[in-house]
Amino acid sequence: WERPEISASSLAFIQYTSGSTSQPKGVMVSHGNLLHNVADIEALTKRALRMASWLPASHDMGLIGGLLYPVYVGGHETLISPMHFLQRPIRWLQVISRYRSESSPGPNFAYDLCVDKSTDADRAGLDLSSWRCALNGAESVRSSTLDRFCAAFAPAGFKRSSFAPCYGLAEATLMITG
């Protein structure tokens with residue numbers, strides 16, 4: 001094995017866009033792009049060291065926010081499969097509760113699913129007080145979703161101030177603003 005010559009401008013991978021803002025295309029992501037973006041995420045999450053994710057690594061939010069960011073900060077990541085989340089969305093919140101996760105990303109629909117598919121009994125066993133950065137991105141963030149989630153999970157210790165709506169594009173590596 002020989003150590004490769006890698007610089008900030010070296011190509012890390014090609015990421016394909018969803019086509020939601022224009023025609024789908026491949027975006028060349030450099031190592032410098034990745035380092036800049038995970039540093040931005042670190043600033044938004046205030047250096048969370050315990051994270052949880054169910055997002056697929058084939059999506060930029062799952063790959064960069066869910067896998068590369070924890071490596072960048074030297075944190076602890078608890079992963080569950082997307083299928084296990086979709087089967088029972090409360091599993092995501094149970095992982096956050098059990099492992100005292102500080103940060104966890106998800107799209108708006110995930111927060112809706114947690115409300116729609118959980119019972120009062122499911123919610124009673126949760127402690128979400130450690131979750132201080134609930135990233136919400138990858139699709140439109142709806143205030144009605146934030147309101148419903150807060151109402152449903154405030155008794156479990158979830159704080160509205162934990163929500164961190166964000167917006168990103170593959171063309172910008174992942175996060176543009178949050």
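The sections below set out a description of the structure shown in this document. Model, not experiment: these values are computed from the prediction. Within each chain, residues carry numbers counting from 1 in the order of the written sequence. A pLDDT threshold of at least 70 governs which residues receive local features in this predicted model, and a stricter bar of 80 or more applies before side-chain atom pairs are shown or counted, although totals over entire chains, interfaces and linings include all residues. Side-chain metrics in this entry use all non-hydrogen atoms of the structure; hydrogen atoms and water are not considered.

1. Section: the packing of helix 5 (residues 108-116) against helix 7 (residues 143-153)
The geometry of a pair of packed helices is captured by two quantities: the angle between their axes and the separation between those axes.
Then step 1. Every axis corresponds to a line fitted to the C-alpha atoms, with the helix fit spanning only the stretch in contact, and the corresponding angles, defined between N-to-C directions, vary from 0 to 180 degrees. Strands here mean DSSP runs of E at least two residues long; helices mean DSSP runs of H or I at least four residues long; both are numbered from the N terminus. One can describe the packing of helix 5 onto helix 7 by two numbers: an axis separation of 9 Å at closest approach and a directional angle of 40°. The orientation of helix 5 with respect to helix 7, classified from their angle, is oblique. As helix 5 packs across helix 7, the resulting crossing turns out to be left-handed. Contacts from Asn 108, Tyr 111, Asp 112, Cys 114, Val 115 and Asp 116 of helix 5 reach helix 7 at Thr 145, Arg 148, Phe 149, Ala 152 and Phe 153.
Then step 2. Among the residues forming the contact of helix 5 with helix 7, the class breakdown is 6 nonpolar, 2 polar and 3 charged. Oblique is the label for any angle not covered by the other classes, which are roughly parallel (under 35 degrees), roughly antiparallel (over 145) and roughly perpendicular (65 to 115). In this scheme the handedness of a crossing depends on how the near helix is turned from the far one: anticlockwise by less than a right angle means left-handed, clockwise means right-handed. We call two residues in contact whenever any of their non-hydrogen atoms come within 4.5 Å of each other. Think of it as three bins: nonpolar holds Ala, Val, Leu, Ile, Met, Phe, Trp, Tyr, Cys and Pro, charged holds Asp, Glu, Lys and Arg, and polar takes everything else, Gly as well.

2. Structural notes on empty space enclosed by the protein
Then step 1. Each cavity reported here is a set of points on a 1 Å grid over the protein atoms alone in which a 1.4 Å probe fits but cannot get out, each pocket an open set with protein on both sides within 12 Å along at least five of seven lines, and each lining residue one with an atom within 4 Å of a point. Grid points are joined across faces, edges and corners, and a volume is the space filled by probe spheres set on the points. Taken as a whole and judged by the stated rule, the model has 1 cavity of 30 Å³ or more.
Then step 2. Roughly 40 Å³ of volume is contained in the largest cavity.
Then step 3. Residue lining of the largest cavity: 13 residues in total, with Met 51, Gly 65, Ser 103, Pro 105 and Leu 135 positioned closest to the centre.
Then step 4. Per-class residue counts for the lining of the largest cavity are 6 nonpolar, 6 polar and 1 charged.

3. So, the environment of Asp 60
Then step 1. Within the secondary structure layout, Asp 60 lies in helix 2 (residues 60-73).
Then step 2. Per-residue accessibility, obtained with a 1.4 Å probe over protein chains only, is compared with the maximum for each type, and a residue is labelled buried under 20%, exposed over 50%, and partly exposed between these values. A relative accessible area of 14% means that Asp 60 is categorised as buried.
Then step 3. Placed 108 residues apart in sequence, Asp 60 and Gly 168 show a C-alpha to C-alpha distance of 9.3 Å.

4. Some thoughts on the packing of aromatic side chains
Then step 1. Paired rings are identified among Phe, Tyr and Trp, the last through its six-membered ring, by centres lying within 6.5 Å, and are further divided according to the angle between planes into stacked (under 30 degrees), edge-to-face (over 60) and tilted (the rest). A full pass over the atoms with the stated rule returns 15 aromatic pairs.
Then step 2. Taken together, a centroid distance of 5.5 Å and an interplanar angle of 70° make the contact between Trp 92 and Trp 131 edge-to-face. Placement of the pair is Trp 92 in helix 4 (residues 90-99) and Trp 131 in the loop between helix 6 (120-124) and strand 6 (133-136), with a sequence separation of 39 residues.
Then step 3. In this structure Trp 131 comes out as buried when scored by relative accessible area, which is 0%.
Then step 4. Ring geometry for Trp 131 against Phe 158: centres 5.3 Å apart, planes inclined by 65°, an arrangement best described as edge-to-face. Taken together, the residues Trp 131 in the loop between helix 6 and strand 6 and Phe 158 in the loop between helix 7 and strand 7 (163-165) connect sequence positions 27 residues apart.
Then step 5. By the ring-pair criterion, three or more aromatic residues cluster together here, those being Trp 54, Phe 85, Trp 92, Phe 109, Tyr 111, Trp 131, Phe 149, Phe 153, Phe 158 and Phe 163.
Then step 6. Directly above the ring of Phe 153 sits Arg 123, whose terminal nitrogen or CZ lies 5.3 Å from the centroid. Two limits define a charge over a ring: the Lys NZ or Arg CZ must be within 6 Å of the ring centre, and within 35 degrees of the ring normal.

This is a description of form; function is not addressed.
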